[in-house]
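In case you want the letters, here they are:
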Amino acid sequence: MTGFPADWLADPAAPATDVELALLLVNSHDLLEDPADRLHDLRWLTHALAGAGHPHLADPLTARDLPRLRRLRDALRQVFEATDDEEAAAVLNPLLQKARAVPLLVRGPDGATSLVVGAGLSGAAALEARLPSALAGFVAEHGVRRLGVCGSDPCRCVYVDRTRAATRKYCCSYCNDRRAARAYRRRRSPGLA
Ligand SMILES: [Zn+2]
């Protein structure tokens, strides 16, 4: 899987939500890509953040942030892999405390007041506050059963399950099709993978 497929986004026309940015960061490690780790430099991430409607998050990042971003990525992956909400809380709560992810009322340029986490933070610090906070809000509302890891081996990308019956298994339509093609070949040629 490459880039930021449209089926990661609830609304491809709008800037990505912070939950979707968490997906983006976790999926920067993608076993179907070569190299699998696209955080060996900042190019892919800054391009993807800007493409997802968040150039202001991309601009302040520097190469010195890469170890922090990889640590945040590893921690957030554990939330998608968590089997229950408690396991997710054990990962997210320390991240929230460490990043001082406090919601504050902020007045925007349009004069509207909104509740914002990570106000005044930028770069990696903003991501460290905002992404765990968004995932925590998601888990509180929907539970970890709505977060998952792609079942189309060897892909280990993560997804948000927005299906009505919580039946999503794959990160994107490409992996879904790949899986379906393999099952089809197996049916046609018993004994072959
Ligand atoms: Zn996949």
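- In the annotation of an unreviewed UniProt entry, the chain is listed under the name CGNR zinc finger domain-containing protein and assigned to Nocardioides islandensis.

### Describing the pattern of salt bridges
Any two side chains of opposite charge can pair if their charged atoms end up close together.
1) Next: Using the criterion set out here, one finds 9 salt bridges in the structure.
2) Next: Two residues, Glu20 and Arg162, come together in a salt bridge whose shortest N-O distance is 3.0 Å. Highlighted residues: Glu20 in helix 1 (residues 18-26) and Arg162 in the loop between strand 4 (158-160) and helix 7 (173-188), separated in sequence by 142 residues.
3) Next: As a salt-bridge pair, Glu81 and Arg156 come within 3.6 Å of each other at their nearest N and O atoms. Taken together, the residues span a long stretch of sequence, with Glu81 in helix 4 (residues 66-81) and Arg156 in the loop between strand 3 (147-149) and strand 4 at a distance of 75 residues.
4) Next: Judged by relative accessible area, which is 38%, Arg156 ranks as partly exposed.

### Here's the deal with the coordination of the zinc ion
1) Next: The protein atoms that coordinate the zinc ion are Cys150 (SG), Cys155 (SG), Cys171 (SG) and Cys175 (SG), at distances of 2.3 to 2.4 Å.
2) Next: Viewed at the metal, the 4 donor atoms of the zinc ion are separated by angles of 107 to 115°, and the geometry they form is tetrahedral.
3) Next: Going along the chain, you hit the donors of the zinc ion in the pattern C-x4-C-x15-C-x3-C.
4) Next: Accessibility expressed as a relative area gives 0% for Cys171, which makes it buried.
5) Next: Here Cys175 falls in the buried class, since its relative accessible area comes to 0%.

### Points about the UniProt feature "domain: Zinc finger CGNR" (unreviewed entry) in the chain
1) Next: UniProt records the feature "domain: Zinc finger CGNR" (unreviewed entry) for residues 146-188 in the present numbering.
2) Next: Here residues 146-188 is 37% helix and 14% strand, with 33 Å between the C-alpha atoms at its ends.

### Describing the nonpolar core
1) Next: Counting residues in each nonpolar core, the largest one holds 51 residues, and the members touching the most others are Leu45, Leu76 and Leu135.
2) Next: Formed by 5 residues, the second largest nonpolar core is a distinct cluster that contains Leu96, Ala99, Ala101 and Val117.

### Things to note about unusual backbone geometry
1) Next: The omega angle of the peptide bond from Asp34 to Pro35 is 0°, so this bond is cis rather than trans.
2) Next: Of note, the amide linkage connecting Asp153 to Pro154 takes the cis form, showing an omega dihedral of 5°.
3) Next: Residue Arg100 is not a glycine yet carries a positive backbone phi of 45°.
4) Next: You can see Arg100 is positioned in the loop between helix 5 (85-98) and strand 1 (103-107).
5) Next: Residue Ala166 is not a glycine yet carries a positive backbone phi of 55°.
6) Next: Along the chain, Ala166 falls in the loop between strand 4 and helix 7.
7) Next: A relative accessible area of 21% means that Ala166 is categorised as partly exposed.

### Some points on the environment of Arg130
1) Next: Checked against the element boundaries, Arg130 lands in helix 6 (residues 123-142).
2) Next: When the C-alpha positions of Arg130 and Ala119 are compared, they lie 9.2 Å apart, and in sequence the two are 11 residues distant.
3) Next: Contacts of Arg130, omitting those with residues within four sequence positions, involve Asp18, Leu21, His54, His56, Leu57 and Val117.
4) Next: Within polar-contact distance, the side chain of Arg130 engages the side chain of Asp18 at 2.8 Å.

### Overview of helix 5
1) Next: Helix length check: helix 5, at 14 residues, gives a terminal C-alpha distance of 20 Å against a target of 20 Å (1.5 Å per residue), a fit within 8%.
2) Next: By the burial criterion, the buried members of helix 5 are Ala88, Val91, Leu92 and Leu96.
3) Next: Along its buried surface, helix 5 packs onto helix 4 and helix 6.
4) Next: If you check the start of helix 5, you find a side-chain oxygen 3.2 Å away from the backbone N of Glu86, and it comes from Asp84.
5) Next: Phi for Arg100, located one or two positions after helix 5, is positive at around 45°.

Each value, and the rule that gives it
Residues numbered from 1 in each chain as written. Predicted model: local features only at pLDDT ≥ 70, side-chain atom pairs only at ≥ 80, totals over all residues. Heavy atoms only, no water. Salt bridge = Lys/Arg side-chain N within 4 Å of Asp/Glu carboxyl O. Helix = DSSP H or I, 4+ residues; strand = E, 2+ residues; numbered from the N terminus. Buried < 20%, exposed > 50% of the residue type's maximum accessible area, 1.4 Å probe, protein only. Donors = N, O, S within 2.8 Å, 3.2 Å for Na, K, Ca; no water. Tetrahedral: all angles 85-135°; square planar, octahedral: opposite > 155°, others 65-115°. UniProt positions renumbered as here; feature names shortened; annotations may be inferred. Core = buried A, V, L, I, M, F, W, Y, C linked by side-chain atoms within 4.5 Å. Contact = heavy atoms within 4.5 Å. Polar contact = N/O pair within 3.5 Å; in protein donor to acceptor, adjacent residues only side chain to side chain. Expected span 1.5 Å × (residues − 1).

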